[in-house]
Amino acid sequence: MQLKKLPIGISTFSEIITQNYIYIDKTKEALDLISNHKYTFLSRPRRFGKSLFIDTLQEIFEGNKKLFEGLYIYDKWNWEESYPVIKISFSGNRDTTELKKSIIDMLRSNQQRLDLECYDSEDYAICFSDLIKSAYEKYQKPVVILIDEYDKPILDNLDQMEVAKDCREIVKRLYTQIKDNDRYIKFAFLTGVSKFSKASIFSGLNNLEDISLTPAFGTICGYTQNDIESSFLPYLDGVDLEKLKEWYNGYNFLSDKVYNPFDILLFIKNDFLFDNYWFNTGTPSFLIKLFKQENYNLVEFENLRVGKELIESFDIEAINLETVMFQAGYLTIKEQIIRRNRIAYELSYPNLETKMSFNNYLLNYFTRSMYQKGKIQNGLIDTLEEANLEELEATLKALFASIAYNNFTSNDIQNYEGFYASVVYAYFAGAGFDKSIAEDVTNDGRMDLSVFIDDKVYIFEFKVDKSGALEQIKKKNYQAKYMQGYNEIYIIGVEFDSKERNLVRYEWERVE
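Criteria and cut-off values
Residues numbered from 1 in each chain as written. Predicted model: local features only at pLDDT ≥ 70, side-chain atom pairs only at ≥ 80, totals over all residues. Heavy atoms only, no water. 1 Å grid on protein atoms, 1.4 Å probe; cavity = no way out; pocket = protein on both sides within 12 Å on 5 of 7 lines; lining within 4 Å. Points joined across faces, edges and corners; volume = space filled by probe spheres on them. Phe/Tyr/Trp six-rings, centres within 6.5 Å; stacked < 30°, edge-to-face > 60°. Helix = DSSP H or I, 4+ residues; strand = E, 2+ residues; numbered from the N terminus. Buried < 20%, exposed > 50% of the residue type's maximum accessible area, 1.4 Å probe, protein only. Salt bridge = Lys/Arg side-chain N within 4 Å of Asp/Glu carboxyl O. Pairing = 2+ DSSP bridges. Right-handed = clockwise from strand over helix to strand, strands pointing away. Polar contact = N/O pair within 3.5 Å; in protein donor to acceptor, adjacent residues only side chain to side chain. Contact = heavy atoms within 4.5 Å. Nonpolar A, V, L, I, M, F, W, Y, C, P; charged D, E, K, R; others polar. Axes fitted to C-alpha atoms, helices over the stretch in contact; angles between N-to-C directions. Arc of directions from axis to C-beta. Disulfide = S-S within 2.5 Å. Core = buried A, V, L, I, M, F, W, Y, C linked by side-chain atoms within 4.5 Å.

Structural notes on empty space enclosed by the protein
Thought 1: This model, assessed by the stated rule, comprises two cavities of 30 Å³ or more.
Thought 2: Taken together, Ser 43, Arg 44, Pro 45, Lys 195, Ser 212, Leu 213, Phe 253, Phe 326 and Gln 327 form the lining of the largest cavity.
Thought 3: Computed from the structure, the second largest cavity encloses a volume of approximately 40 Å³.
Thought 4: Lining the second largest cavity we find Phe 291, Leu 298, Leu 362, Leu 363, Phe 366, Ser 422, Val 423 and Ala 426.

Written as structure tokens, this is what we have:
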């Protein structure tokens, strides 16, 4: 039997169905959503299938029953009832004039499709309000509003904050019209990457329900493990499914973990080559600025505990790195923690692709050139496979020597231990070792970094402008945790000097 085509880059539901592309049925979630909710919002990282889901909703509300034959919703929805749909999908706009023009153009496109005309076609907010009322009056049915990537005009301008704020006010005025026209609306659904506070974006739309972490909608976008082992299994003949899971699964929205669809489709298209498909579609350049400003310790992102409010509130007046990392998809929920009626989350990297790629990206930024970083990193695996600890010392010195001087000129980043731990951690994590664990817990403290390769484990302790790194490992007996599981254990104390910006003492021992 010939396999269906892969819908790479296709977010039009009708094209996927009629042109024989594989489709993972999300109409059960769609039916639940439209039957039990009126104003809803969904946050998911980029390339997760939000646009396809939006288009699926449009086809449902417009009553195109034939497209849904064989899908869950087919015999459960009243196809005799159809509704006028206003659909807005934002693209990148780098200034306010361009944004306003883009909104006007999208509204005109909706007018043409609905055979309507705005009385005031130049004021985007008035036109949107008029379009809602006119659609209701013409079709004698309440209106459906679908807005895709609602936050893109803001996120695309985070590197020019004043423009981002102006864009925020523009879209805020647009979204306010939804609340003002409640009597004419059947259903409204907005998607985006970030979750801005209701006060900053949805002024007055205080009944907007955020379903981003509602378990019933946890798999509304993305592919589940069951999808991989059923629908996609014929496409994955000979693939190590455990390795596939390690590389691309792991996104957790308080339900079954999911894969990013883009990764799976590109993995199959590229003959099962494990690569950084999703990460390479976007550059998190604004994260670098946040990382430098707040002196974060990258090591902590392995197991980062945050309050519920931190991951559910994005404010461009006070951007928080942890919030951006989670909402953009570089971190995901490892565990939900409920204690004394308070909800917290432990965050970590969702999978190997994200962990390797993000750490490589940071390392590329700090070092003078990608060539220099690659040259240093290429020999790292050989060094640890052979347990050549003298060569490792030379490698680490070369790594810190390659860090650009201007990374130190505007702050005191070189004075804090987390910077050195972050660079070394990024170095190992980006190289793709079997496993690396930061801040690994023992019964007498936390190891700064443990790196595993084959039957060997390397335990690191870092100190800045202090001595006694190796002695601390011995005193706290960190190595005891691994005595039963590994044939070779090495303990390594690394001490840095903030003035020289490099390591000044390096000691190691093999534990027998």
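Some words on the packing of aromatic side chains
Thought 1: Enumeration according to the criterion identifies 38 aromatic pairs in this entry.
Thought 2: Centre to centre, the rings of Phe 452 and Tyr 486 are 5.4 Å apart; their planes meet at 40°, and the pair counts as tilted. Pair noted here: Phe 452 is in strand β12 (residues 445–453) and Tyr 486 is in the loop between α20 (469–476) and β14 (488–497), with a separation of 34 residues, a long-range link.
Thought 3: Judged by relative accessible area, which is 2%, Phe 452 ranks as buried.
Thought 4: Here the aromatic cluster, defined as three or more aromatic residues joined through ring pairs, consists of Phe 48, Tyr 251, Phe 253, Trp 278, Phe 279, Tyr 330, Tyr 349, Phe 358 and Tyr 361.

So, the pattern of salt bridges
Thought 1: Inspection of the entire model under this criterion finds 23 salt bridges.
Thought 2: With a shortest N-O distance of 2.9 Å, Lys 141 and Glu 81 are connected by a salt bridge. Pair noted here: Lys 141 is in the loop between α5 (124–139) and β3 (143–148) and Glu 81 is in the loop between α3 (50–61) and β2 (85–89), with a separation of 60 residues, a long-range link.
Thought 3: Residue Lys 141 is classed as partly exposed on the basis of its relative accessible area, which comes to 22%.

A short note on the pairing of β14
Thought 1: Extensive coverage of β14 is indicated by the burial of nine of its 10 residues.
Thought 2: As paired strands, strand β13 (residues 456–464) and β14 are joined by nine bridges and run parallel to one another. If you follow Val 464 over to β14, its bridge partner there is Phe 496.
Thought 3: Crossover handedness for the path β13 to α20 to β14: right-handed.
Thought 4: The sheet contact formed by β14 and strand β15 (residues 502–511) spans nine bridges and is antiparallel. Considered in β15, the bridge of Gly 493 is made with Glu 507.

Structural notes on the side chain of Ser 450
Thought 1: Along the chain, the position of Ser 450 falls in strand β12.
Thought 2: Engagement of the side chain of Ser 450 in a polar contact is seen with the side chain of Tyr 482, the distance being 3.5 Å.
Thought 3: Ignoring any residue separated from it by four or fewer positions in sequence, one finds Ser 450 in contact with Lys 435, Ser 436, Ile 437, Asp 440, Tyr 458, Ile 459 and Tyr 482.

Examining the layout of surface pockets
Thought 1: Approximately 1,200 Å³ is the volume attributed to the largest pocket.
Thought 2: Taken together, 49 residues form the lining of the largest pocket, with Arg 46, Arg 47, Phe 48, Lys 50 and Glu 149 sitting closest to its centre.
Thought 3: For the lining of the largest pocket, the secondary-structure elements that each account for two or more residues are α3, α6 (152–155), α11 (261–269), α12 (285–294) and α14 (321–328).
Thought 4: Looking at the lining of the largest pocket, the element that brings in the most residues is α3, giving five residues.
Thought 5: Of the residues in the lining of the largest pocket, the class split is 26 nonpolar, 13 polar and 10 charged.
Thought 6: When its volume is computed, the second largest pocket comes out at roughly 600 Å³.

Focus on the sheet that holds strand β1 (residues 39–43)
Thought 1: The strand order across the open sheet built from five strands is β2-β3-β4-β1-β5, with neighbouring strands paired in parallel fashion. Only two strands of the sheet have a single partner each, and these edge strands are β2 and β5 (209–210).
Thought 2: Of the pairings in the sheet, the one linking β3 to strand β4 (residues 185–192) comprises five bridges and is parallel in character. Across the sheet, Ile 147 pairs through a bridge with Leu 190, a residue of β4.

Describing the environment of Gly 468
Thought 1: Here Gly 468 shows up in the loop between β13 and α20.
Thought 2: Residue Gly 468 is classed as buried on the basis of its relative accessible area of 18%.
Thought 3: Those residues in contact with Gly 468 that sit more than four places away from it in its chain are Lys 463 and Glu 495.

Considering the sheet that holds strand β8 (residues 304–307)
Thought 1: Spatially, β8-β10-β9 is the arrangement adopted by the three strands of the open sheet, whose pairing is antiparallel. Each having just a single partner strand, β8 and β9 (332–339) make up the two edges of the open sheet. Averaged over neighbouring strand pairs, the angle between their axes works out to 30° when direction is ignored.

Quick word on α20
Thought 1: Listed as buried for α20 are Ala 469, Leu 470, Gln 472 and Ile 473. Axial view of α20: buried residues confined to an arc of 160°, hence all on one face.
Thought 2: Looking at the buried positions of α20, the neighbouring elements they touch are β13, β14 and β15.

Here we look at the state of the cysteines
Simply put, the disulfide is a covalent bond whose two ends are the sulfur atoms of two cysteines.
Thought 1: Tallying each qualifying case throughout the model produces one disulfide.
Thought 2: Disulfide pairing places Cys 118 opposite Cys 127 at an S-S distance of 2.3 Å. In this structure, the disulfide formed by Cys 118 and Cys 127 twists by about 75° around the S-S bond and is classed as right-handed. Exposure class is identical for Cys 118 and Cys 127. Each is buried.
Thought 3: Of all cysteine sulfurs in the structure, the one in Cys 127 sits closest to Cys 167, which takes part in no disulfide; the separation is 19 Å.
Thought 4: Classification of Cys 167 as buried rests on a relative accessible area of 0%.

Digging into the nonpolar core
Thought 1: Counting 142 residues, the largest nonpolar core has Phe 90, Tyr 175, Phe 189, Leu 392, Phe 428, Tyr 458 and Phe 460 as the members making the most contacts within it.
Thought 2: Here this core gets 11 residues from one element, more than from any other, and that element is helix α19 (residues 417–431).
Thought 3: Residues within four places of Phe 428 in sequence aside, it is in contact with Leu 380, Leu 384, Leu 392, Phe 433, Leu 449, Val 451 and Phe 460.
Thought 4: By size, the runner-up hydrophobic cluster in this structure holds 22 residues, among which are Leu 6, Ile 24, Val 239 and Ile 268.

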